[in-house]
Amino acid sequence: MIKRLLYYWSREFVVNLDSGDKYQELPKVIAIGILDFSLLRVPEFHSTYHIWEDNNKNCKLTDDLELHIIDMPQYRKLKNKDIENNPLHRWLSFLNEKESNETLKKVINMDNGIKSADKKMKDLLRDKDTLIHYQKREFAIAEYNNTLLHREERGKKEGRQEKAIEIAFRLKNKGMTLEEISKITDLSTEQIKKL
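Not measured: the values here are computed from a predicted model.

**Student:** Hey, could you go over the environment of L125 for me, with residue numbers and the actual values?
**Tutor:** As for its position among the elements, L125 is in helix α5 (residues 112–126). Judged by relative accessible area, L125 falls into the partly exposed class, the value being 47%. Sequence separation of L125 and R137 is 12 residues, and the distance between their C-alpha atoms is 14 Å.

Dropping the structure here:
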């Protein structure tokens, strides 16, 4: 996931420069990764990254590249959300699919930027072509994640099978009975005989 964040971050920096433009015209790029899982081992739900000199953290190379990572599970656990005074808390409450309708209405009404985003989202969802595109994208993401999950599960199962075979082979060479080995490894006596 880190590589993906860095890819999008750096790509946005580069695509803003047309042939013949001066490098000084490159705009500042702030990338924000709002994740529905914990990626980092830090206590805060919001982490900010810049490019620093390794031996001198007071020496920032540039302000032109900035990366924010938001850990939504950690934000959800936050007991004292301050939607009244903290714009980030308002936006994260708005983006939190598990937020109560009461809080959603409150943040939409208190923040013009959120009200505008909510209106645009509702307008987009009314457009059939956009909705179909969105549904296809969601389906593709679900299929991709499902395929990865099955591949991981299959790999784990194969790994357990290989380990069981290795153990069975050792136990068989030590003179243990097929039935005893079968109980320990969950392999059939027929599988063990072939070893």
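What follows continues from the structure just given.
**Student:** Can you tell me about the nonpolar core, naming the residues and giving the values?
**Tutor:** Grouped together as the largest cluster of nonpolar side chains are 10 residues: L5, W9, F13, L26, V29, A31, L35, L65, L67 and I69. Looking at this core, the elements with two or more residues in it are α1 (2–15), β1 (29–35) and β3 (56–71). If near-sequence neighbours (up to four positions away) are discounted, I69 is found in contact with L5, G33, L35, L39, L40, F45, H46, S47 and Y49. In this structure, A164, A168, I181 and L187 belong to the second largest nonpolar core, which totals 6 residues.

**Student:** Could you give me a rundown of the packing of aromatic side chains, with the residues and numbers involved?
**Tutor:** Inspection of every chain in the model, using the stated rule, returns 2 aromatic pairs. Between the aromatic rings of W91 and F94, the centroid separation amounts to 5.9 Å while the plane-to-plane angle is 85°, which identifies the pairing as edge-to-face. Pair noted here: W91 and F94 are both in helix α3 (residues 87–95), with a separation of 3 residues, about one helical turn. The class for W91 is partly exposed, based on a relative accessible area of 30%. One cation-aromatic arrangement involves K81 over Y75; the distance from NZ or CZ to the ring centre is 5.1 Å.

**Student:** Help me get a handle on the pattern of salt bridges, residues and values and all.
**Tutor:** The final tally for this structure, using the stated rule, is 10 salt bridges. Ionic pairing is found between K60 and D63, a salt bridge with its closest N-O pair at 2.8 Å. Between D118 and K122 there is a salt bridge whose closest N-O contact spans 2.9 Å. Of this pair, D118 and K122 both sit in helix α5, separated by 4 residues, roughly a single helical turn. Exposure remark for D118: the relative accessible area of 11% places this residue in the buried category. Classification of K122 as partly exposed rests on a relative accessible area of 44%.

**Student:** Before we move on, can you summarise α5 with the specific residues and values?
**Tutor:** Counted at 1.5 Å a residue, the expected span for α5 with its 15 residues is 21 Å, and the 21 Å between its end C-alpha atoms agrees. At the N-terminal end of α5, a side-chain oxygen is found 2.9 Å from the backbone nitrogen of G113, two or three residues along, and the residue is D111.

**Student:** Now, about unusual backbone geometry: what can you tell me, with residues and values included?
**Tutor:** Located in the positive-phi region is D186, a residue other than glycine, with phi close to 65°. Among the secondary structure elements, D186 is positioned in the loop between α7 (178–185) and α8 (189–193). Classification of D186 as exposed rests on a relative accessible area of 70%.

Thresholds, definitions, all that
- Residues numbered from 1 in each chain as written.
- Predicted model: local features only at pLDDT ≥ 70, side-chain atom pairs only at ≥ 80, totals over all residues.
- Heavy atoms only, no water.
- Helix = DSSP H or I, 4+ residues; strand = E, 2+ residues; numbered from the N terminus.
- Buried < 20%, exposed > 50% of the residue type's maximum accessible area, 1.4 Å probe, protein only.
- Core = buried A, V, L, I, M, F, W, Y, C linked by side-chain atoms within 4.5 Å.
- Contact = heavy atoms within 4.5 Å.
- Phe/Tyr/Trp six-rings, centres within 6.5 Å; stacked < 30°, edge-to-face > 60°.
- Lys NZ or Arg CZ within 6 Å of the ring centre and 35° of its normal.
- Salt bridge = Lys/Arg side-chain N within 4 Å of Asp/Glu carboxyl O.
- Expected span 1.5 Å × (residues − 1).
- Polar contact = N/O pair within 3.5 Å; in protein donor to acceptor, adjacent residues only side chain to side chain.

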